[in-house]
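Structural description and commentary
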Amino acid sequence: MSDSGAHMTKGRGAFLGRISERASDSIPAWPHRPRPRAGAPNIVVVLVDDLGFSDIAPFGAEVDTPALTELAASGYRLANYQTPPMCAPARAALMTGMNPHRAGFSFVPHIDPGYPHARMELPHDAPTLAETLRAAGYATFMVGKWHLTPEAQMHDGADRSSWPCQRGFDRFYGCLDGFTSLFHPHRLLQDNTPVDRDEYRAGYYLTDDLTDKALSMIGGLRASNPAKPFLLYFSHVAVHAPLQAKPEDIEKYRGMYDRGWDHIRSERFARQIGEGLFSEHTRPAGRNHETGLDVVPWDSLEDRQRALFARYMEVYAASVDNVDQSVRRLVDQLKELGEYENTIILFTSDNGGSGEGGDAGTRSYFSRFVTVGQPLPSGWQEDVPRDPSLIGGPRSFVHYPRGWTYASNTPFRLYKTHAYGGGVRVPMVLSWPTGLPRMADDTGVRHQFAYATDIAPTLLDLAGVEPLRQLAGEQTQPPDGHSFVAWLLDRTAPSERTGQYVELNGRRSFQQGDWKAIAPMANGPTWSPDGWELYNIEEDPAETQNLAAEHPERVRELADLWTASAWENEVFPLNDDGSHFRRRPATELVLEQPVTIYPGTPTLERYRSAKLVALRSIAIDVSLDYQPGDEGVLVAHGDQGGGYVLFVEDGVLHCAYNEYGCMRRVSAALPTGTSHITLRLDVLPQLRWRLALDINSREAASLDAVLQLVGLCPLTGISVGVDRGGPVDWDLNQRHGAFRYRGRLHHVRYTPGPKADYHDEELVDIEQQSAVKFD
């Protein structure tokens, strides 16, 4: 047979040309490649973490943000943009256009209780913005914080299907986790691979590094393809705690906050009124007064407190300033490439400013940010004393007092995680000089209601890209968001968004039109489905006048709408008593099994490491052949936020235990020929361990009681034969750097022991659960 043109190419689908025995008789054909429309814009989404509504100059701040001021001057400011009040739910909504519970994120991915709203993975039939744009021919890049992967799936042996490169991004550089040190990131990924790095160079700062990588990705694309449009998702780690900034940026704000939060909030609100963000009749919320959330007058503080608290805000402002410097570098590159005019730039925050620093702030974030499902025991110090001059640098893991959060969220009430404006209303700046030029008489301020789910539909609308109808052969779920292009172009056009629910930690709200009902009680033993308040958001955007008593019928109406919306969006079940969501699948048991780690093994990921030690006893066995002159780190787990390091120096075995910033040390002479060392951490009551060092099976030194490292501490995972990343012991690092072990170190073995009786995590057998029959 001389002509095989009807043949299919086995395993490769239909070939649209013709194949004969000779090429001269054949017709070639090439597979279809997606091609964006001519003139398609680039898209840059800049998302900052825990940035309050008033923290940039276009929204009232005194912080120097000239790049954002320039974008706002030619673009648009959304004065009524709202978001879920916590980071991962906000990111899920932004990426998919779906409400966060329906997208699997009722909370951050540190829980896995077995319900659809807490799967902590984006649905595979819900295309991300990156997947849709890549299918339309865009290059897709991401740098920064992802936080959309279950923590049990972040380690090197995990299923990577929920990692950024599997959800639409061609390139990724950043962290899967929720936050990290800006001087010594605990774990960075380049695409799907952990970055293997013993130490960070002097002067390293993560925001600068992320910017360098973003510019490199864009430059690499342009060197290979001069016309292909790109999506850059720049998801900042700043300004989430721990607050850290470069010394020169901090110095710029020295003394600026000595006047205190009351004065700063008042000035910011006056500027907001002058800029047209609110009407002159708007009444700002007063100092937050709720128990455990209250803010005291600045003038009531002692001089020592005012000096310390002002320093915290100097660091915060410096970190915001550096974010603006990053935006400037991006804009400058786009201008140099001649692409700025045809680039959509969207800048916003994932939720309102965070009050996690408490009433006095903290120099030891992990000591305060402890999640163990019970009250902290007596003697627990939430602010480990440290030299105030260290605040903002690599040796401190700080967060500012919530009085500054009150200023950050001007003019709204409360903070991140709350359904009031302080949790959900954040700044947004949007610029596209070619596609969204502003009329001369237009200030660019928009007051229409927009929500996080509207971002992806709006960007696709502006880019002229149709939403994906199928993904990996499956029909896709429809988004919940709406494009708001119409009222960007016409400031008199109404918002298409007529209603929106919020739920986090049992706190709820529903907004429809000018009215918003809020049920502010968080989950816990006293949680109640009642307790709704009512506000007229048009007349009272800061939610100062509760009108529930005057309009009970409207309260009932909005409460019913919340319930209906909750069922539609998989919000139930609510974690009403705060305990049931401590269940996890028994598949995580593999992470608690004994493990042997050899020198040269990459640093174990944070959660993988934590499962070996959290709220339990542990034996850490070191196998070696010690000879005089051998020295270095045997094993390290943690960083300046808390951890432990076992090392040999000058013939002495040392254990440095970093108790959330307070150093505890114990040592013992190391005999020649030592072959076995054990570090034992035995559970005690009150969240303590007894620490003991055994040499050749005999106890050589001990500490009777140290605070356990719990919650998200240690942040940096386990390294063997070196202390990678942020050092556990700063003094040791100053002497030796990462201090690789020089000698015969065979391995280190972790053998988890009994769990503490206050370890309340419940591991549920998935197969047993799936066999349950329902009537």
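Definitions and limits used
Residues numbered from 1 in each chain as written. Predicted model: local features only at pLDDT ≥ 70, side-chain atom pairs only at ≥ 80, totals over all residues. Heavy atoms only, no water. 1 Å grid on protein atoms, 1.4 Å probe; cavity = no way out; pocket = protein on both sides within 12 Å on 5 of 7 lines; lining within 4 Å. Points joined across faces, edges and corners; volume = space filled by probe spheres on them. Nonpolar A, V, L, I, M, F, W, Y, C, P; charged D, E, K, R; others polar. Helix = DSSP H or I, 4+ residues; strand = E, 2+ residues; numbered from the N terminus. Buried < 20%, exposed > 50% of the residue type's maximum accessible area, 1.4 Å probe, protein only. Pairing = 2+ DSSP bridges. Axes fitted to C-alpha atoms, helices over the stretch in contact; angles between N-to-C directions. Contact = heavy atoms within 4.5 Å. pLDDT = per-residue confidence, 0-100. Phe/Tyr/Trp six-rings, centres within 6.5 Å; stacked < 30°, edge-to-face > 60°. Lys NZ or Arg CZ within 6 Å of the ring centre and 35° of its normal. Salt bridge = Lys/Arg side-chain N within 4 Å of Asp/Glu carboxyl O.

**Things to note about empty space enclosed by the protein**
Picture a little ball the size of a water molecule; that probe, rolled over the atoms, points out where space is still empty. A full pass over the atoms with the stated rule returns five cavities of 30 Å³ or more. Volume-wise, the largest cavity comes out at about 60 Å³. Considering only residue class, the lining of the largest cavity consists of three nonpolar, one polar and four charged. Computed from the structure, the second largest cavity encloses a volume of approximately 50 Å³. What lines the second largest cavity is simply Pro84, Pro85, Pro89, Pro100, His101, Phe105, Ser106, Tyr451, Tyr501, Val502, Glu503 and Leu504. Top element by residues in the lining of the second largest cavity is strand E15 (residues 499–504). It accounts for four residues.

**A look at helix H11 (residues 455–463)**
Taking burial as the measure, the nine residues of H11 include eight buried ones, the bulk of the element. Considered for burial, the residues of H11 that qualify are Ile455, Ala456, Pro457, Thr458, Leu459, Leu460, Leu462 and Ala463.

**Re the sheet that holds strand E28 (residues 698–707)**
Whether parallel or antiparallel, the strands of a sheet pair through hydrogen bonds between backbone atoms. Read from one edge of the open sheet, six strands run E20-E30-E21-E26-E27-E28, paired in antiparallel fashion. Each having just a single partner strand, strand E20 (595–597) and E28 make up the two edges of the open sheet. Between one strand and the next, the sheet's axes are offset by a mean angle of 15°, whatever the strand orientation. Direction of pairing for strand E27 (residues 688–695) relative to E28: antiparallel, over a ladder of seven bridges. Residue pairing across strands places alanine 692 opposite serine 702, the latter belonging to E28. Docked against the sheet, helix H14 (residues 606–613) engages E20, strand E21 (616–625), E27 and strand E30 (744–755), running at close to 105° with respect to E21.

**Some remarks on the confidence of the model for the protein chain**
Of all residues in the protein chain, 96% attain a pLDDT of 70 or more, and the chain-wide mean is 94. Contacts for the low-pLDDT stretch residues 1–8, under 50 throughout, to residues beyond four places or in other chains number 13 contacts. This stretch, residues 767–775, has a pLDDT under 50; its non-local contacts, to residues over four places away or in other chains, come to one contact.

**Some details on the packing of aromatic side chains**
Two numbers describe a pair of aromatic rings. These are the distance of the centres and the angle of the planes. All told, the structure shown has 26 aromatic pairs when counted by the stated rule. Note on phenylalanine 53 and phenylalanine 278: the rings are 5.8 Å apart at their centroids and 50° apart in plane angle, and the pair reads as tilted. Of the two residues, phenylalanine 53 is situated in the loop between strand E1 (42–48) and helix H1 (66–74) and phenylalanine 278 in the loop between helix H6 (261–274) and helix H7 (303–336); the sequence distance between them amounts to 225 residues. By the burial criterion, phenylalanine 53 is buried, and phenylalanine 278 matches it. Consider the rings of tyrosine 365 and phenylalanine 366, whose centres lie 5.9 Å apart with planes at 50°: the pair is tilted. Both residues of the pair, tyrosine 365 and phenylalanine 366, count as buried. What links up through ring pairs into an aromatic cluster is the set Tyr257, Trp261, Trp298, Phe309 and Trp404. The residue whose ring lies beneath arginine 413 is tyrosine 420, and the NZ or CZ to ring-centre distance is 4.1 Å.

**Topic: the sheet that holds E15**
With respect to topology, four strands assemble into an open sheet ordered E15-E16-E17-E18, the strand pairing being antiparallel. With one partner strand each, in any of the chains shown, E15 and strand E18 (533–536) form the two edges of the open sheet. Each adjacent strand pair in this sheet contributes to an overall mean axis angle of 15°, direction not counted. Pairing between E15 and strand E16 (residues 507–512): six bridges, direction antiparallel. In the sheet register, glycine 499 faces E16, and the bridge partner there is glutamine 512.

**What to know about the environment of glutamine 272**
As for its position among the elements, glutamine 272 is in helix H6. In the structure, glutamine 272 is positioned 224 residues away from glutamate 496 in sequence and 25 Å away in space, judged by C-alpha atoms. Those residues in contact with glutamine 272 that lie beyond four places of it in its chain are Phe53, Ser54, Phe59, Gly60, Leu277, Phe278, Thr410 and Pro411.

**Points about the environment of alanine 692**
Relative to the helices and strands, alanine 692 is located in strand E27. Residue classification places alanine 692 among the buried residues on the basis of a relative accessible area of 0%. Sequence-wise, alanine 692 and leucine 679 are 13 residues apart; in three dimensions their C-alpha atoms are separated by 5.9 Å.

**Re the pattern of salt bridges**
The final tally for this structure, using the stated rule, is 62 salt bridges. Residue arginine 22 pairs with aspartate 25 through a salt bridge whose shortest N-O separation is 2.9 Å. Using a relative accessible area of 32% as the deciding quantity, one classes aspartate 25 as partly exposed. As a salt-bridge pair, aspartate 177 and arginine 606 come within 2.9 Å of each other at their nearest N and O atoms. Taken together, the residues aspartate 177 in the loop between strand E5 (171–175) and strand E6 (189–190) and arginine 606 in helix H14 connect sequence positions 429 residues apart. No difference in accessibility class separates aspartate 177 from arginine 606, as the two residues are buried. A single salt-bridge network, built from bridges that share partners, covers Glu151, Asp177, Arg584, Glu588, Glu592, Arg606, Lys611, Arg616 and Lys755.

**Concerning unusual backbone geometry**
Peptide bonds are, in most cases, trans, and in most cases residues other than glycine have a negative phi. The peptide bond linking alanine 241 to proline 242 adopts the cis configuration, its omega dihedral lying at 5°. Residue position: proline 242 is located in the loop between strand E8 (230–235) and helix H5 (247–252). Threonine 410 connects to proline 411 through a cis peptide bond whose omega is 5°. Here proline 411 shows up in the loop between helix H9 (402–408) and helix H10 (421–424). Phi at leucine 414 takes a positive value of approximately 60°, unusual for a residue other than glycine. Locating leucine 414 in the fold gives a position in the loop between H9 and H10. Under the relative-accessibility criterion, leucine 414 is labelled buried at 2%. The backbone of serine 697 sits at a positive phi, close to 70°, despite the residue not being glycine. Secondary-structure assignment places serine 697 in the loop between E27 and E28. Classification of serine 697 as exposed rests on a relative accessible area of 64%.

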